[in-house]
Amino acid sequence: MNKQLNLLFVAGGILATSTSFGQMGPNSTYYLGAGNNLWTIQGTTDASAPTVTNSEFNLAVDGDIRTTQFRNSGDGQQYTLGLSPTGTTYSGTWSGIFDGTTDGRSNYTIDWDTSRVLSYDRNWQNEQTMFTLGGGGSGEYLGITYDGSGGLYVSQWNGGMIEHYTMGGQLLGSFDTGFTNLTALAMDYSTGTLWVGSQQHQGQFDEYTTSGTHLDTVIFGDMVLANTLGGEFDLGSAVPEPTSIAVLGIGALVLLRRKRAK
């Protein structure tokens, strides 16, 4: 199998408009890193920032966007959710990292060369190896996203599988998308569904339930040359879990009763 990651933009016909099937595209804003551009898509609308990035595919999003370069020494950057650079940079020596995520405390990514799942602090510093995927070879995995409840989803490059792991590396489940070269794996925290692209069909993104049921395909014609390897939704937009909502409700009720008792 071909393990070479094609970082060149593949020429192809550019459609004039976006086309959506099934539902209507991502419910929340889907942030995408394409090397020399950042993109967003929501519903059937897409937008790109000016050419402000520097080989930055890998990104983590929680109230802002924090990137790294994909390889070698060089600065990543911080951006607002509106895709404007803030001036904050993140320095490091990167070893083939293309898709990131965050749980709000740490950032996570996959080392392309060794299939190691890596953790960092929120400023992309203090690298730690968490566990190794598959056979530990080069080019086996690329995509990663936080599951919203203490685990990680990862996606294969040579295969078509999306896999679910604990932070300790225990496999919880998996499903087959039916295509390979998976990119920009991301969980939409508002719906609890997964979105993924593929370098086989740039500009197309597919939505799945966490058990693998296909829900939606959306195609953006003006993105067929955008090599969107990294992708994430804003963790800060996540809807509180039912238990959290219940706790908030109980707290509000206690305050109301205290107020009435005065």
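Residues numbered from 1 in each chain as written. Predicted model: local features only at pLDDT ≥ 70, side-chain atom pairs only at ≥ 80, totals over all residues. Heavy atoms only, no water.

Trainee: Run through the sheet that holds strand S9 (residues 85-90), naming residues and quoting values.
Mentor: Here we have four strands laid out as an open sheet, ordered S5-S6-S8-S9, and antiparallel in their pairing. Of all the strands in the sheet, just strand S5 (58-61) and S9 have a single pairing partner and so form its edges. Adjacent strand axes in the sheet meet at a mean angle of 20° when their direction is disregarded. Here strand S6 (residues 65-68) runs beside strand S8 (residues 76-79); their pairing, made up of two bridges, is antiparallel. Each residue of the ladder has a partner; that of Ile65, found in S8, is Tyr79. (Pairing = 2+ DSSP bridges. Helix = DSSP H or I, 4+ residues; strand = E, 2+ residues; numbered from the N terminus. Axes fitted to C-alpha atoms, helices over the stretch in contact; angles between N-to-C directions.)

Trainee: Before we move on, can you summarise the pattern of salt bridges with the specific residues and values?
Mentor: This structure, assessed with the given rule, holds six salt bridges. Taking the shortest distance from any N to any O, the salt bridge between Arg122 and Asp64 comes out at 3.7 Å. In this pair, Arg122 sits in the loop between strand S13 (116-121) and strand S14 (128-132) while Asp64 sits in the loop between S5 and S6, placing the two residues 58 residues apart along the sequence. Accessibility assignment for this pair places Arg122 and Asp64 in one class, buried. Between Asp103 and Arg105 there is a salt bridge, with the nearest N and O atoms lying 3.3 Å from each other. (Salt bridge = Lys/Arg side-chain N within 4 Å of Asp/Glu carboxyl O. Buried < 20%, exposed > 50% of the residue type's maximum accessible area, 1.4 Å probe, protein only.)

Trainee: Can you lay out empty space enclosed by the protein for me, pointing to particular residues and giving the numbers?
Mentor: In total, this model carries one cavity of 30 Å³ or more according to the counting rule given. Taken as a whole, the largest cavity holds about 50 Å³ of empty space. Along the walls of the largest cavity sit 13 residues, with Thr183, Ser198, Gln199, Gln202 and Thr228 positioned nearest its centre. Where the lining of the largest cavity is concerned, the elements lending two or more residues are strand S20 (193-198) and strand S21 (204-208). (1 Å grid on protein atoms, 1.4 Å probe; cavity = no way out; pocket = protein on both sides within 12 Å on 5 of 7 lines; lining within 4 Å. Points joined across faces, edges and corners; volume = space filled by probe spheres on them.)

Trainee: Please provide a residue-by-residue account of the environment of Thr89, values included.
Mentor: Mapped onto the fold, Thr89 is located in strand S9. A residue is classified by how much of its surface remains accessible, and Thr89, at 42% relative accessible area, is partly exposed. Sequence separation of Thr89 and Gln77 is 12 residues, and the distance between their C-alpha atoms is 4.3 Å. Filtering out sequence-adjacent residues up to four positions away, Thr89 remains in contact with Asp75, Gly76 and Gln77. (Contact = heavy atoms within 4.5 Å.)

Trainee: So what's going on with the pairing of strand S17 (residues 161-166)? Which residues, and what values?
Mentor: Note that strand S16 (residues 151-156) and S17 share five bridges and pair antiparallel. Along S17, the bridge assignment pairs Tyr153 with His164. Between S16 and S17, which pair antiparallel and follow one another directly, the connecting turn spans four residues. Pairing analysis gives five bridges linking S17 to strand S18 (residues 171-176), with the strands arranged antiparallel. Note that in S18 the partner of Tyr165 across the bridge is Leu171. Adjacent in sequence and paired antiparallel, S17 and S18 are bridged by four residues, among which Gly169 carries a positive phi angle near 95°.

Trainee: Lay out the packing of aromatic side chains in plain terms, naming residues and giving numbers.
Mentor: Applying the stated criterion across every chain, the model contains 13 aromatic pairs. When the ring of Tyr30 is compared with that of Phe205, the centres are 5.5 Å apart and the planes differ by 70°; the resulting orientation is edge-to-face. Within this pair, whereas Tyr30 is found in strand S2 (residues 30-33), its partner Phe205 is found in strand S21, the two being separated by 175 residues in sequence. Arranged with centres 5.5 Å apart and planes meeting at 35°, the rings of Phe131 and Tyr165 form a pair that is tilted. Of this pair, Phe131 sits in strand S14 while Tyr165 is found in strand S17, placing the two residues 34 residues apart along the sequence. Each member of the pair, Phe131 as well as Tyr165, carries the same accessibility label: buried. Taken together, the ring pairs in this structure connect Tyr30, Trp195, Phe205, Phe220 and Phe233 into an aromatic cluster. (Phe/Tyr/Trp six-rings, centres within 6.5 Å; stacked < 30°, edge-to-face > 60°.)

Trainee: Please give an account of the sheet that holds strand S3 (residues 38-42) that cites residues and values.
Mentor: Read from one edge of the open sheet, four strands run S4-S3-S2-S23, paired in antiparallel fashion. Of all the strands in the sheet, just strand S4 (45-48) and strand S23 (230-233) have a single pairing partner and so form its edges. Neighbour-to-neighbour, the strand axes of the sheet open up by a mean angle of 20°, direction not taken into account. Across four bridges, S2 lies against S3 in antiparallel orientation. Counterpart to Tyr30 in the pairing with S3 is Ile41.

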